[in-house]
Structures are given as structure tokens and as C-alpha cells.
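One-letter residues, chain by chain:
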Amino acid sequence: MPVVINTNSAAAIASNNLSASSAMLQKSLNRLSSGSRIVNASDDAGGVAVAQRLTAASKRAGVAAGNISSGLAFLQQQDAVFKTGAKIMERMNELQSLYRDTTKSSDDKALYTVEFDKLKAQFISAVRNATYNGLDLAKAGAALSITVDENNATYALNNPADQIADSSGYAITNGGNFATVTGNRAGGNAGTGGNLVLAIGGRSNVTIALAANDPMSTVITKINASGAAVTASMNENGFLLLTAKNEAENIVVHGDTTDVTSAAGTGLGLTETTAYEPPAGSTTNNSLLQIQKIAEARAKNGADQNVLGYYAELATASKMNLESSVSRIMDVDVAAESTQLARWNTLVQAGTAMIAQANGSTQSALTLLR
């Protein structure tokens, strides 16, 4: 090996090794101090891209879990409203039955009517107009959709508008299943003869032949013997009261030649004064049917709650798994990195010592020049 003065190759090599070891030591220190395996994008370019996407997906899954919780809160409030509405409608139905009791006096019926009307108003305000954070709980509107996963998939909640009917037209005296027909047959023989035609719930018409001298009691007997799906009786004022046997069915009364709604003393001598007509926006003025509809709405509400519950489990698990995947890419293994730290630290110290040794080797040239 030649002895030279201008170039100290051993020192240069030792210096390069020391620089490399120092860089790795610095990187190891950065990883351990930050807790991240990837401090700079250059540490793992591909890993940074993957981790970035997974982190965004994890955050979306977290938001989806929050949205599901909000949806569940909405459904729970909706169910509470439905439950209250069912109780109100049950009492209204009870009052309708009490009102139809022929043993009740007019004063009794007046009291029933007062309570019925107040409950109807409460049903409209507490159920039909109920809201949650400005959103209608029971009225028609845009169906709500809940974001349920990190891919922004949505689940549409059932719209209860077709279950909760508008009860503004409900009345205790016409619950959608009976009609009161007045006329001068209560006196015994007024009115002409003719055919009384009943249409119950859209079924085939039933025709009852009436004689000119038939009193109301005879009219009632003939109707009850006709086989029509209706029960005829006389109310306290001597008027004909027709009640459908199926409370969900409506009653239509007419004559085959002269309309029954002609003025008293003409035609059949009967005038329909109270007949059921469905209120706007509803299918029937019937508290029993309304109770059934509310029950259906609650069933759909419960199904939605169950579905969202499962989506919540999936969203939580997805968020956890995505975070674990990011951790495997980004987080430093402290045990492994500590070993590397010790290695690079030793190499830096060794490199520093070797540079000192290499610098000392040039002293041999000075010895030869003496």
C-alpha cells in the first residue's frame, strides 16, 4: 500500500460510511419520536397512497356510524309518536262505540262528542304534525335516506304517510261505517213505494222493496232480512240508522227510480242526512282502520330500526378494520425499530472512531520525511 499525503482514501471511506449510518440513525430517531413508520412520503411512496385512501374511508365509516345513530334517534321518536297516536285513536274508537249505544241520552252523547273532538285535535297536533329536528314524523314528504357505509350507500326509511291518515274529517257520528237516514216513514205510512238500494263497501247492490204504507219499523225489518252486510235500527229520533257489519266498509243509499235523497214526502219518503264521505287525503273515516294503519307503521318502523342496527354494527367494524389496516402501514414497530436504533447508533460511534484512526494513518508520511 503506497504512503501518500494528498489523498486519505481510508478517511474518505470511513466518512461516507459514517454519513450513511448517521442518516439511518436520524431516520430511526424520527420514527420512534413520531410513532410513524412513514415520516416522509419518500419513506414508502406506495404505502402513503394506500394509507391515505384507507384513512379517508375510515373517516367516512365513522360519519356513517354517526348518521345511523341519528336515523335511529329519528325512528325512536317516530315510534313514540305512533304509540301515542294509537292510544288516542283507541279512545276515539271507544267513544264512537259509546255514542252508538241507544241507551245513552243526548247529554251523554254531547259529552262524548266534546272529548272526541278534543282527542281528534290532539291527534292532529301531536301525531300528524309531529316533527323531529324540523322533519315530519307522520305526514307525507320526501322519504329519508340514511348513509350507512364508507362507500356512501344509503338506506331509505319507510314513509309513514300512507299509514297515518288525516283525521280532520273524523266525527263521532260518522266513523266511516254508518249512515243516518231520516224521513216521514216514522209517522207510519208517508212516502211512496219503491225499491231501496243499498251498496255496502262496493259490493253488489241489495234491493229492498218498500210499500207506500211501510212504517220505519217495517223498513228496518225488511233491511235486516235482506242479507245486506248492514244492520238497520231506529235511533232516538225515529230515524233509520244503517251500520255496516264490516266497520271498514262504507254505505251508499239510493232508490232505483227516485233518488232517496229527494225532499221528504216524495220518492221513497226518506232523506239521507248523514252519510259517510272520506275526508281529503284519507281512505276512510274509521278509527279502527286508523289503529290498524298505525300498527302497520310501527311494524315498519321497528323493521327500519333493526336494519339500521345491523348497519351500525357493520359501520363500526368497518371503521375499526380500516384503522387497523392504516396502522399496519403507518405505525412503527417500536421493538423492531429500537433494535435498528441500537445498530445505527453503534455504527455511528464506530464510524467516528475509524475516521479518527484513518486521519492518524497519515502521520507515517511525516515520519519518513524527517
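Residues numbered from 1 in each chain as written. Predicted model: local features only at pLDDT ≥ 70, side-chain atom pairs only at ≥ 80, totals over all residues. Heavy atoms only, no water.

Details of the overall build of the protein chain
Phase 1: For the protein chain, the helix and strand inventory stands at seven helices and eleven strands.
Phase 2: Counting the 370 residues in the protein chain, one finds 36% classified as buried.
Phase 3: For the protein chain, contacts bridging at least 24 residues in sequence account for 69% of all contacts bridging at least 6.
Phase 4: As displayed, the protein chain has an accessible area near 19,200 Å², and 54% of this comes from carbon and sulfur atoms. (Helix = DSSP H or I, 4+ residues; strand = E, 2+ residues; numbered from the N terminus. Buried < 20%, exposed > 50% of the residue type's maximum accessible area, 1.4 Å probe, protein only. Contact = heavy atoms within 4.5 Å. Areas by Shrake-Rupley, 256 points an atom, 1.4 Å probe, with all protein chains shown as cover.)

What to know about the side chain of Arg31
Phase 1: Mapped onto the fold, Arg31 is located in helix H1 (residues 9–34).
Phase 2: Among residues more than four places away in sequence, those in contact with Arg31 are Ser36, Arg37, Val39, Val332 and Glu337.

Overview of unusual backbone geometry
Phase 1: A positive phi angle, close to 55°, is found at Asn133, a residue other than glycine.
Phase 2: With respect to the helices and strands, Asn133 occurs in the loop between strand S1 (131–132) and strand S2 (135–136).
Phase 3: In this structure, Asn152 takes a positive phi of about 65° despite not being glycine.
Phase 4: Within the secondary structure, Asn152 is located in the loop between strand S3 (145–147) and strand S4 (154–156).

Considerations on the nonpolar core
Phase 1: In this structure, Ile68, Met92, Phe123, Leu157, Ile164 and Leu308 are the most contacted members of the largest nonpolar core, which totals 35 residues.
Phase 2: Elements with a contribution of two residues or more to this core: helix H2 (45–99), helix H3 (106–128) and helix H5 (287–330).
Phase 3: The leading source of residues in this core is H2, at 13 residues.
Phase 4: Grouped together as the second largest cluster of nonpolar side chains are 19 residues, Val206, Ile220, Val230 and Ala232 included. (Core = buried A, V, L, I, M, F, W, Y, C linked by side-chain atoms within 4.5 Å.)

Details of the pairing of strand S7 (residues 206–210)
Here is the key point about a regular strand: its side chains alternate between the two faces of the sheet.
Phase 1: Only one face of S7 is covered, namely the face carrying Val206, Ile208 and Leu210; the face carrying Thr207 and Ala209 is uncovered.
Phase 2: Note that strand S6 (residues 194–200) and S7 share five bridges and pair antiparallel. From the neighbouring strand, Asn195 faces S7, where its bridge partner is Ala209. (Pairing = 2+ DSSP bridges.)

Some words on the confidence of the model for the protein chain
Phase 1: When the pLDDT values of the protein chain are averaged, the result is 77; 77% of them are 70 or greater.
Phase 2: Contacts for the low-pLDDT stretch residues 261–266, under 50 throughout, to residues beyond four places or in other chains number nine contacts. (pLDDT = per-residue confidence, 0-100.)

Some thoughts on the environment of Tyr311
Phase 1: Mapped onto the fold, Tyr311 is located in helix H5.
Phase 2: A residue is classified by how much of its surface remains accessible, and Tyr311, at 27% relative accessible area, is partly exposed.
Phase 3: Distance in space between the C-alpha atoms of Tyr311 and Val148 is 6.1 Å, their sequence separation being 163 residues.
Phase 4: The residues touching Tyr311, leaving out its near neighbours within four places in the chain, are Ile68, Val148 and Tyr155.

Looking at the environment of Asn67
Phase 1: With respect to the helices and strands, the residue Asn67 is situated in helix H2.
Phase 2: By relative accessible area, which is 30% here, Asn67 ends up partly exposed.
Phase 3: Sequence separation between Asn67 and Leu308 is 241 residues; the distance between their C-alpha atoms is 9.9 Å.
Phase 4: Not counting the four nearest positions on each side in its chain, Asn67 is found in contact with Ile146 and Thr147.

Describing the packing of H2 against H3
Phase 1: Interaxial distance between H2 and H3 falls to 9 Å at its minimum, and their mutual angle equals 160°. By the criterion of interaxial angle, the relationship of H2 to H3 is roughly antiparallel. Seen from above, H2 lies across H3 with left-handed handedness. On H3, the residues that touch Val81, Gly85, Ile88, Met89, Arg91, Met92, Leu95, Gln96, Leu98 and Tyr99 of H2 are Lys109, Tyr112, Thr113, Glu115, Phe116, Leu119, Lys120, Gln122, Phe123, Ala126 and Val127.
Phase 2: When the residues that make up the contact of H2 with H3 are grouped by side-chain class, the tally is 13 nonpolar, four polar and four charged. (Axes fitted to C-alpha atoms, helices over the stretch in contact; angles between N-to-C directions. Parallel < 35°, antiparallel > 145°, perpendicular 65-115°, else oblique. Left-handed = near helix turned anticlockwise from the far one by under 90°. Nonpolar A, V, L, I, M, F, W, Y, C, P; charged D, E, K, R; others polar.)

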